[in-house]
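As a plain string of letters, each chain reads:
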Amino acid sequence: MAAEAVTEGTLALKILRQITVHGFKAPYEEAAVRSFLDSAIPRTRVLIEMRQNASDQAAIQKLASLMLKLLSDILEHHPFSFGPLVASTLQLIDNLILNDSGCSLLFERAAVQLLNLLKGILLCSEFKSDAFPAGQQAQQAKSQFFTPQMLQALCQRLVARFLPLSQDELKQWAEDAEAFAADEGGECWRYALRPCVESCFVALFKEYNSHMVPPLIQMMQSNLSPTTPILLKEAIYTAVGLVSYELYDEVDFDSWFRGPLREELACTQADYRIIRRRIAWLLGQWSSVKLSPDLRPLLYSTQMTLLSGGEDMAVRLAAAQSLRNSLDDFDFSPEQIEPILGDCFNLLLTLLRDARECDSKMRVLSVASFVVERVGQAVRPHAAALVQCLPQLWAENHPMLRAAVAGALVPLVSALGPDHNQLSNFLLPVVETATNINEEAHVYLLEDGLDLWLCIMENVAQMSPQLLMLWPRVATLMEMTTEHMQICLQLTKAYLLLAPTQFLENHGRTLVHLLNDIMVDIKPEGQLQILRLVELIQRAEPAAMSILQPLVCRVICSVLQGDALPLLMALQLSVLARLLLDAQNVIAESINSIAQISGETPDAVLQRVLEVWLYSMNIITQPERRKLLALALVTLLAADDRRFCGILLAVAEVLNDVHGPQGDTLLLGSIALEEDSCEEDSTEFERRRKRLSLTDPVYLRVLATALQEQLDRLKRQVGQQTWLQLVSSVDVETLQQVRNFVTLD
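Small disclaimer: the values here were computed from a predicted structure and weren't measured.

Student: Help me out: how do you make sense of the overall build of the protein chain in this one?
Tutor: Tallying secondary structure elements over the protein chain gives 42 helices and two strands in all. Taken along the three principal axes of its C-alpha coordinates, the protein chain extends 115 × 70 × 55 Å. Among the 745 residues that make up the protein chain, the fraction classed as buried is 53%. For the protein chain, the accessible surface area stands at approximately 33,400 Å², while carbon and sulfur atoms represent 49% of it. Once the 61 positive and 89 negative side-chain charges of the protein chain are each reduced to a mean point, those two points are 2 Å apart.

Student: Whenever I open this one, helix H35 (residues 623–635) confuses me. Can you help?
Tutor: Along an α-helix, residues three or four positions apart point the same way, because every turn accommodates 3.6 residues. For H35, which comprises 13 residues, the first-to-last C-alpha distance of 19 Å matches the rise-based estimate of 18 Å (1.5 Å per residue) to within 8%. Listing the buried residues of H35 in full gives Arg625, Arg626, Lys627, Leu628, Leu629, Ala630, Leu631, Ala632, Leu633, Val634 and Thr635.

Student: It is not clear to me how the packing of helix H17 (residues 296–307) against helix H18 (residues 313–327) should be interpreted in this structure. Could you clarify?
Tutor: Describing two packed helices takes the angle between their axes plus the distance from one axis to the other. Axis separation between H17 and H18 bottoms out at 8 Å; the angle between their running directions is 155°. With respect to their mutual orientation, H17 and H18 come out roughly antiparallel. Of the two possible hands of crossing, H17 and H18 adopt the one that is left-handed. For the pair H17 and H18, the contacting residues are Arg296, Leu299, Tyr300, Gln303, Met304, Leu306 and Leu307 in the first and Val315, Arg316, Ala319, Ala320, Ser322, Leu323, Ser326 and Leu327 in the second.

Student: Would you mind going over the pattern of salt bridges with me for this structure?
Tutor: Where charged atoms from two side chains of opposite charge come close, those side chains can pair. As enumerated under the stated definition, the model contains 25 salt bridges in all. With its nearest N and O atoms 2.9 Å apart, the salt bridge here joins Glu396 to Lys361. Placement of the pair is Glu396 in the loop between helix H22 (383–394) and helix H23 (399–416) and Lys361 in helix H21 (residues 358–375), with a sequence separation of 35 residues. With a relative accessible area of 10%, Lys361 lands in the buried category.

Student: Honestly, the side chain of Ser616 in this entry has me stumped. Any pointers?
Tutor: Within the secondary structure, Ser616 sits in helix H34 (residues 602–616). Here Val612 takes part through its backbone oxygen, which lies 2.8 Å from a polar atom of the side chain of Ser616. With residues up to four places along the chain from it excluded, the contact list for Ser616 reads Met569 and Leu573.

Student: Just to check I follow, could you spell out the environment of Arg578 for this structure?
Tutor: Mapped onto the fold, Arg578 is located in helix H32 (residues 566–582). Considered as a pair, Arg578 and Met545 are 33 residues apart in the sequence and their alpha carbons are 9.5 Å apart. Each residue touching Arg578, except ones within four places of it in the same chain, is listed here: Glu535, Gln538, Arg539, Met545, Ala583, Leu628, Asp696 and Pro697.

Student: Explain helix H29 (residues 500–518) here, please?
Tutor: Compared with an ideal rise of 1.5 Å per residue, which puts 19 residues at 27 Å, H29 spans 22 Å between its outermost C-alpha atoms and falls more than 12% short. Buried-residue contacts for H29 involve helix H26 (465–470), helix H27 (472–480), helix H28 (485–498), helix H30 (524–540) and helix H31 (549–561).

Student: I tried to follow the nonpolar core on my own but got confused; where do I start?
Tutor: The tendency in soluble globular proteins is for nonpolar side chains to be buried as a group. Ranked by size, the top nonpolar core spans 283 residues in total, and within it Phe201, Leu323, Leu576 and Trp613 carry the most contacts. Dropping the residues within four chain positions of it, Phe201 is found in contact with Cys155, Leu158, Val159, Met212, Leu216, Ala239, Leu242 and Val243.

Student: Teacher, can you tell me more about unusual backbone geometry here?
Tutor: If you check the backbone angles, Asn397 has positive phi at about 60° while not being a glycine. Here Asn397 shows up in the loop between H22 and H23.

Student: Hey, could you run me through the packing of aromatic side chains in this one?
Tutor: Here a ring pair, both rings aromatic, is described through the centre-centre distance and the interplanar angle of the planes. Applying the stated criterion to the full structure yields 14 aromatic pairs. Between Trp173 and Phe180 the ring centres are 4.8 Å apart and the planes differ by 10°, which places this aromatic pair in the stacked class. Assigned by exposure class, Trp173 and Phe180 land together as buried. Seen from their ring centres, Phe253 and Trp286 are 5.2 Å apart, and the 5° between their planes marks the pair as stacked.

Student: Just to check I follow, could you spell out the packing of helix H13 (residues 209–221) against helix H14 (residues 230–242) for this structure?
Tutor: Remark: H13 packs on H14, axes separated minimally by 10 Å, with the N-to-C direction vectors making an angle of 140°. Taken as axis vectors, H13 and H14 run oblique relative to one another. The way H13 lies across H14 gives a crossing that is left-handed. Contacts from Leu216, Met219 and Met220 in H13 reach Ile236, Ala239 and Val240 in H14. Tallied by class, the residues present in the contact of H13 with H14 amount to six nonpolar, no polar and no charged.

Student: How should I be thinking about a nonpolar patch on the surface in this particular structure?
Tutor: Nonpolar side chains collect at one region of the surface, where Leu11, Ile15 and Ile19 lie side by side and expose about 280 Å² of accessible area between them. Within the fold, Ile15 resides in helix H1 (residues 3–22). Judged by relative accessible area, which is 48%, Ile15 ranks as partly exposed.

Student: Is there a simple way to think about the confidence of the model for the protein chain in this case?
Tutor: Caution is warranted with low-pLDDT regions, since their predicted coordinates should not be read in detail. When pLDDT is averaged along the protein chain, the result is 89; 97% of the residues meet or exceed 70. Ranking the elements of the protein chain by mean pLDDT puts helix H37 (residues 665–676) last, at 58, and H18 first, at 95.

Student: Just to check I follow, could you spell out the state of the cysteines for this structure?
Tutor: By definition, a disulfide is the covalent link that joins the sulfur atoms of two cysteine residues. The final tally for this structure, using the stated rule, is zero disulfides. No disulfide involves Cys155; its sulfur sits 11 Å from that of Cys200, the nearest cysteine. Its sulfur unpaired, Cys488 is 16 Å from the next cysteine sulfur, which belongs to Cys455.

Student: Before we go on, may I ask you to explain the side chain of Arg277 in this structure?
Tutor: Residue position: Arg277 is located in helix H16 (residues 273–287). Look at Arg277: it is buried, it has no salt bridge, and the nearest opposite charge is Glu234 at 4.0 Å. Those residues in contact with Arg277 that lie beyond four places of it in its chain are Trp173, Phe180, Glu234, Ala314, Val315 and Ala318.

Student: How should the environment of Phe24 be read in this particular structure?
Tutor: One can find Phe24 in the loop between H1 and helix H2 (31–51). We classify Phe24 as partly exposed; its relative accessible area is 26%. Sequence separation between Phe24 and His78 is 54 residues, and the spatial gap between their C-alpha atoms is 9.4 Å. Those residues within four positions of Phe24 in sequence are excluded, and the remaining contacts are Ile19, Glu30, Val33 and His78.

What counts, and where the lines are drawn
Residues numbered from 1 in each chain as written. Predicted model: local features only at pLDDT ≥ 70, side-chain atom pairs only at ≥ 80, totals over all residues. Heavy atoms only, no water. Helix = DSSP H or I, 4+ residues; strand = E, 2+ residues; numbered from the N terminus. Buried < 20%, exposed > 50% of the residue type's maximum accessible area, 1.4 Å probe, protein only. Areas by Shrake-Rupley, 256 points an atom, 1.4 Å probe, with all protein chains shown as cover. Lys, Arg positive; Asp, Glu negative; His and termini not counted. Charge placed at Lys NZ, Arg CZ, Asp CG, Glu CD. Expected span 1.5 Å × (residues − 1). Axes fitted to C-alpha atoms, helices over the stretch in contact; angles between N-to-C directions. Parallel < 35°, antiparallel > 145°, perpendicular 65-115°, else oblique. Left-handed = near helix turned anticlockwise from the far one by under 90°. Contact = heavy atoms within 4.5 Å. Salt bridge = Lys/Arg side-chain N within 4 Å of Asp/Glu carboxyl O. Polar contact = N/O pair within 3.5 Å; in protein donor to acceptor, adjacent residues only side chain to side chain. Core = buried A, V, L, I, M, F, W, Y, C linked by side-chain atoms within 4.5 Å. Phe/Tyr/Trp six-rings, centres within 6.5 Å; stacked < 30°, edge-to-face > 60°. Nonpolar A, V, L, I, M, F, W, Y, C, P; charged D, E, K, R; others polar. Patch = residues over 30% accessible without salt bridge, like charges linked within 9 Å, V, L, I, M, F, W, Y side chains within 5 Å. pLDDT = per-residue confidence, 0-100. Disulfide = S-S within 2.5 Å.

This is the structure:
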């Protein structure tokens, strides 16, 4: 075939592929397209056969790949148009994958594309329904092709021909073990042969489990002897690990692990590194599927042996990932690994130092970080080595590696708790660098840096000047974008709980003005988060409520509109309620400001607020908030008797909700809070939060007592005659409810 003809054919096929895939709603229904697609499969076979003897193999290979790409695109974008092509496509796969002569003609890219077509046909949801003619055609073609004999042949072919390590892979291993062991991840099955074969094998097992299991078990049982070729045995172990869940009832992994696998790990022949690497991976695959708890210590000990410095680098990296998979188990028990935890960290850190590639270091660091996360406080006796290693990795100044270091510090700080002070000289510079948006590397570091910062704030025992000086970066981030709004608000809450007076003196007004600006056009979900922060300011530092006035005005205006969602309305009224309880001057100034703008009297604004407030009591369901709002309403009884009936009814309903046989149930609930406040496992943040809860009026004040005090005050204030008129204006049912809790006479 002339070079010009091949070039022109390639260009024409590119154009036809775009037109066919993107130019028709149902390509196969068009006669010209149908003719073109019907001829594509036999022409693909011809091109692959021609390639072997062609002078320009690369050009023919490109043309054949493009033809297979056309079929793949039709299957992906127009599955119903591919239905009539399923039978001929499966036949092509049979000729080129299962047939020895055809397989010898294949080049790697074509093998990848054919196996992806096979996988696509297997998993296509449109081909599993017979509601459409194309689905019926596909189902018929699949049932005729995937016979028990064909599935057995596919299993044997994939395991024996495509899963064994190739000579190129073995050469790469010998030259650069780290590059060989690199985790490709993502959608590498689209273009790389090994991931493609593995994903196709798994798809076959999921679709035809009952027919695929027997041939694989037979291959496994007949190739366990020492005389089995190493590459074939490694391929079989790979297959058994890929479909471990499907083989749950067929493989006694406990016996296999205790016997043949451990015997093979003891073999010191140079070539047996191939088997040791695969067994290391296999242990990680099966440990969460079928392994007795009493074998866990033996599993960890075996993985430590495979991590040792005398092993090949690829084996050690596989063992590290295997360890991570073993710990990522629902039934994991830290006590089983604690005896060898010191050795575990020493081996992982040694591997970390021995690794040259950044990708390898990141993977090993991820494993070490996960071990810390899983064992928690048990890491404290062994943390010194990790504390010493992390600054060295940070100093390498690679953005991705630095991100991994920042991520690894999070579980370490969490596990060390207040003892993380040994890292203090390192932690704050890391946070400063990671959150510096003027540095290009912040795009890699910011998310992990914020997580680390929050973890530090949740575990630190006291505020430091350096921490206090860092907070303006939170304000900068919140001004720039709402992407990190949630964690920025969490950080601010942590600052408030740690040192409310100190924080608000330095940053309070900046924070309030920032929140006020954000509230202008933020969604209700964001408003909820901001109002929770505002309420925390009120609870943590009641004396500083005056700085909230700009936000209070906005809250009152929102309440007056009366159209907020129940959860948002509850928070807005809670903010106002805490002002009524602890800072009435702030709410009075805010109402005066709104009255001046609207041209109303302050009293008229207050009455409108109370109207919405009393109406909203019925849509607020949380008992704590209902009691808080009732406590605030009670304070208004003596100040203004015009809402006497409405307030008395609302408070009576809340009293019925929060009072039990032994009195105020929420007051009693504070006893439980006090008992829980000294939990050893809780963070400093949680302990501070619980201590703050103990000072909340909701848990300290008895609503019935507060109501009685205000009623007595009102009675003295208005006199007996007016008092009796007020009481007589209340309906009988409400009076009966109120008299269950207070005295009105």
